[in-house]
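# Architecture at a glance
The chain contents come next:
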Amino acid sequence: MTWNRKQLRKGAWNTVFKRGLMAWMAMVAVCFIFSYLGVDDSSQTKFVKGIDQVLGQETEHEADNVTILKEYVKNMPMIEHMSEKKAETVARVIDSVTAKQTWIIKLLGANTAYVERNPGEVIVMLLISALIMAVVHFFIQSAAIVGKCRYAMECRYSDKVSVNRMFAPFHRHYLLRLMWVMFCYNVVMTLWWLTIIGGVYKYYQYRMVPYLLAENPRLKWRDAKNMSREMTRGYKWKMFLTDLSCIHVWMIKAIPVAGLLVALPFQMELDVEMYFWFRQNIGVENFVEEAFNAAPYNKKAIEAAYQSAGDAGVAEVWTKPAYILQDVAVEVPEGMKVKSEYSLRDFIFFFFVFCFIGWLWEVLLYIVMDHVLVNRGTMYGPWLPVYGVGGVAIIFLLDRFKADKAKLFAMAMVVCGIIEFIASWALDFFFNSQYWDYKNEFLNVNGRICLVGLLAFGLGSLFGVYIAAPKLSEFLNSKSKKVQNIICITLSVLFIIDLICCAIFGFNKGEGVGGTL
């Protein structure tokens, strides 16, 4: 079969616009997602991210926050001894990080007092966020394009392709290899683009690499590039002319909405048509999906089959493809329980018991240390919700790991540390309050959590998983369902009343308790 630009354009057009309205809308949605993530065409990415730029516009409070952070960094001992040029470089880094993490600056703009109290914590949050976004960006740029290619390829053979099929190549057994291959591809292309002409040549030579990986994620970089080189040998000029023949479509990209609705889906499917032309006409190994050997989806032929021969005729014309590459599924390790052995009533009861145990522990600890009886709770009743949330989270999340005590202990420390840090941060940020401060303790994180506390929580979690939870569940289930419901409802009503009192009169505070900063 000879290369036919008109036939390739027609195939792409049919896939985009001839499979039905819902199929087209799904394809547009996919293009929108990848434009927002920065994977798709840069012109559409700029348009879509304009929304984010509007949301991230600087306000007066946000500008004040950035100034506070700069002053904090400027007054750090290690920065004070730097040369003026190096200090300016650090200030520019802060500007760069805050500009890219506008959502954090916008959030913190609601409470400048918090930023003034915790500038170091805010800087760490910005740096961690920047690091996470860099890692996510690396994954998106290196691997997500393969998911888009997979979705586009399957659209050629069906009018109902689930968006979940984008994730089909990302099986845990070969995800890291796929990311590495795409990383190599991006590095090689970046270096070739420095030569300009070489970049154009290699762009067409390696253009099929993402599609080869979309069909077979097990491929190594050497195999993928060699296959793409073999497929495009002698056809790079024809591929360029095919792209040039669609210049009227590419011009639509200048119109933001039209670019998403027409140009991007068409460009996506034109590449797919080229890939399948090479696939069908060039003998290259490692093609694994037999379903891709079938004829493309043809809605008119199917409708004609319905009219002439009914369902039997339809089956002869078209059947839903069955792919070797299955949907990505969460695989549960062998031997690990999936469903908790405790009921909802058990967890409600656990919550209040752990709330009371936590409150009792805090009160007794204060009596021993300061010889004063104080209601140490953030609320008015005899309960501390942070202990209840932590206890329930440990039982719900980690009970299934009870066969490994060391693993459970370590994971409990992590979970409790996250919960305690979030609770402390929320009280500080939303209520300008502080109910505990570990700044004088060894290995603390901004006074919110500390090593000694986490070790105590780890030991308490072992007690909760192995002793408290089974005994409490046994006690509760020894009662009738009616009594169980009465216990849970009564405790819940009392807790809600306490919450209402806190909303009206404020949280419990005072000497030995904590409160407004």
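Here the structure is shown first, and the text comes after it.
Note that this is a predicted model, so its numbers are computed, not measured.

### Here's the deal with the pattern of salt bridges
Scanning the model with the defined rule gives 14 salt bridges in all. A salt bridge links E154 to R150, with the nearest nitrogen and oxygen atoms 2.8 Å apart. On the criterion of helical spacing, the pair formed by E154 and R150 is a turn pair, its members being four residues apart in helix α10 (residues 119-155). For R150, a relative accessible area of 0% puts it in the buried group.

### Structural notes on the nonpolar core
Soluble globular proteins: nonpolar side chains tend toward being buried together. Among the nonpolar cores identified, the biggest contains 61 residues, and M153, M208, L270, M274, Y275 and F278 are the most heavily contacted of them. Of all the secondary-structure elements, those providing two or more residues to this core are α1 (5-17), α2 (21-36), α10, α11 (175-193), α13 (209-215), α14 (221-232), α16 (247-250) and α17 (256-281). For this core, the element with the most residues is α17, which contributes 12 residues. Excluding anything up to four places from it in sequence, Y275 contacts M153, M208, Y211, L212, E215, M231 and F287. One finds F349, I395, A412 and V465 within the second-largest nonpolar core, a separate group that totals 30 residues.

### As for empty space enclosed by the protein
Scanning all chains against the criterion turns up two cavities of 30 Å³ or more. Of the volumes computed, that of the second largest cavity is approximately 30 Å³. For the second largest cavity, the full set of lining residues is E215, P217, R218, V288, E289, I324 and L325. When grouped by side-chain class, the residues that make up the lining of the second largest cavity number four nonpolar, no polar and three charged.

### Observations concerning the layout of surface pockets
Approximately 1400 Å³ is the volume attributed to the largest pocket. In terms of lining residues, the largest pocket is bounded by 42 residues, among which W361, E362, Y387, Y438 and F457 are the most central. Residue contributions to the lining of the largest pocket peak at 10 residues, all from helix α19 (residues 344-370). Class assignment of the residues belonging to the lining of the largest pocket gives a composition of 24 nonpolar, 12 polar and six charged.

### Some thoughts on the packing of aromatic side chains
Under the criterion given, the structure shown has 41 aromatic pairs. The interplanar angle of 55° and the centroid separation of 5.5 Å between the aromatic rings of F292 and Y323 together place this pair among those described as tilted. Of the two residues, F292 is situated in the loop between α17 and α18 (299-317) and Y323 in the loop between α18 and α19; the sequence distance between them amounts to 31 residues. An aromatic cluster is present here, built from Y157, Y211, Y275, F276, F287, F292 and Y323 joined pairwise through their rings.

### Quick notes on the environment of W192
Within the fold, W192 resides in helix α11. According to the relative accessible area criterion, W192 is partly exposed, its value standing at 37%. Considered as a pair, W192 and K202 are 10 residues apart in the sequence and their alpha carbons are 7.1 Å apart. Residues within four places of W192 in sequence aside, it is in contact with G198, G199 and K202.

### A short note on a positive patch on the surface
A cluster of basic residues, K6, K10, K18 and K300, forms a positive patch at the surface. Along the polypeptide, K18 turns up in the loop between α1 and α2.

### Side note on unusual backbone geometry
The phi torsion at I196 lies on the positive side, around 65°, for a residue other than glycine. As for its placement among the helices and strands, I196 is situated in the loop between α11 and α12 (197-205). Residues other than glycine seldom take positive phi values, yet N432 does so here, at roughly 50°. Along the chain, the position of N432 falls in the loop between α21 (405-431) and β1 (433-434).

### Side note on helix α15 (residues 236-245)
The set of residues buried in α15 consists of K236, M239, T242 and D243. Buried residues in α15, looked at end-on, bunch into an arc of 115°, giving them a common side. The secondary structure elements touched by the buried residues of α15 are α1, α12, α14, α16 and α17.

### Details of a nonpolar patch on the surface
Among the surface-exposed residues, F356, I357, L360, L364, I367 and L373 lie close enough to one another that they form a single nonpolar patch of about 530 Å² accessible area. Relative to the assigned elements, F356 resides in helix α19.

### A closer look at the packing of α19 against helix α22 (residues 451-477)
Following both chains from N to C, one finds α19 and α22 inclined at 120°, their axes separated by 10 Å at the closest point. Judged by the angle between their axes, α19 and α22 are oblique. Considering only the axes of α19 and α22, their crossing is right-handed. Together, R345, D346, F349, F350, V353 and F354 of α19 and A468, A469, L472, S473, F475, L476 and N477 of α22 make up the contact between the two elements.

### Description of the packing of α1 against α15
Packing of α1 against α15 leaves a shortest axis separation of 10 Å and a crossing angle of 60°. Regarding the angle of α1 to α15, the classification is oblique. Our pair here, α1 against α15, has a crossing hand that is right-handed. Packed against α1, whose contacting residues are R5, L8 and R9, the element α15 presents L241, T242 and S245 at the interface. Counted by class, the contact of α1 with α15 contains two nonpolar, two polar and two charged residues.

### Topic: the side chain of T232
Position of T232 relative to the elements: it lies in helix α14. Its relative accessible area of 0% is what places T232 among the buried residues. The residues touching T232, leaving out its near neighbours within four places in the chain, are Y204, Q205, M208, M239 and F278.

What counts, and at which threshold
- Residues numbered from 1 in each chain as written.
- Predicted model: local features only at pLDDT ≥ 70, side-chain atom pairs only at ≥ 80, totals over all residues.
- Heavy atoms only, no water.
- Salt bridge = Lys/Arg side-chain N within 4 Å of Asp/Glu carboxyl O.
- Helix = DSSP H or I, 4+ residues; strand = E, 2+ residues; numbered from the N terminus.
- Buried < 20%, exposed > 50% of the residue type's maximum accessible area, 1.4 Å probe, protein only.
- Core = buried A, V, L, I, M, F, W, Y, C linked by side-chain atoms within 4.5 Å.
- Contact = heavy atoms within 4.5 Å.
- 1 Å grid on protein atoms, 1.4 Å probe; cavity = no way out; pocket = protein on both sides within 12 Å on 5 of 7 lines; lining within 4 Å.
- Points joined across faces, edges and corners; volume = space filled by probe spheres on them.
- Nonpolar A, V, L, I, M, F, W, Y, C, P; charged D, E, K, R; others polar.
- Phe/Tyr/Trp six-rings, centres within 6.5 Å; stacked < 30°, edge-to-face > 60°.
- Patch = residues over 30% accessible without salt bridge, like charges linked within 9 Å, V, L, I, M, F, W, Y side chains within 5 Å.
- Areas by Shrake-Rupley, 256 points an atom, 1.4 Å probe, with all protein chains shown as cover.
- Lys, Arg positive; Asp, Glu negative; His and termini not counted.
- Charge placed at Lys NZ, Arg CZ, Asp CG, Glu CD.
- Arc of directions from axis to C-beta.
- Axes fitted to C-alpha atoms, helices over the stretch in contact; angles between N-to-C directions.
- Parallel < 35°, antiparallel > 145°, perpendicular 65-115°, else oblique.
- Left-handed = near helix turned anticlockwise from the far one by under 90°.

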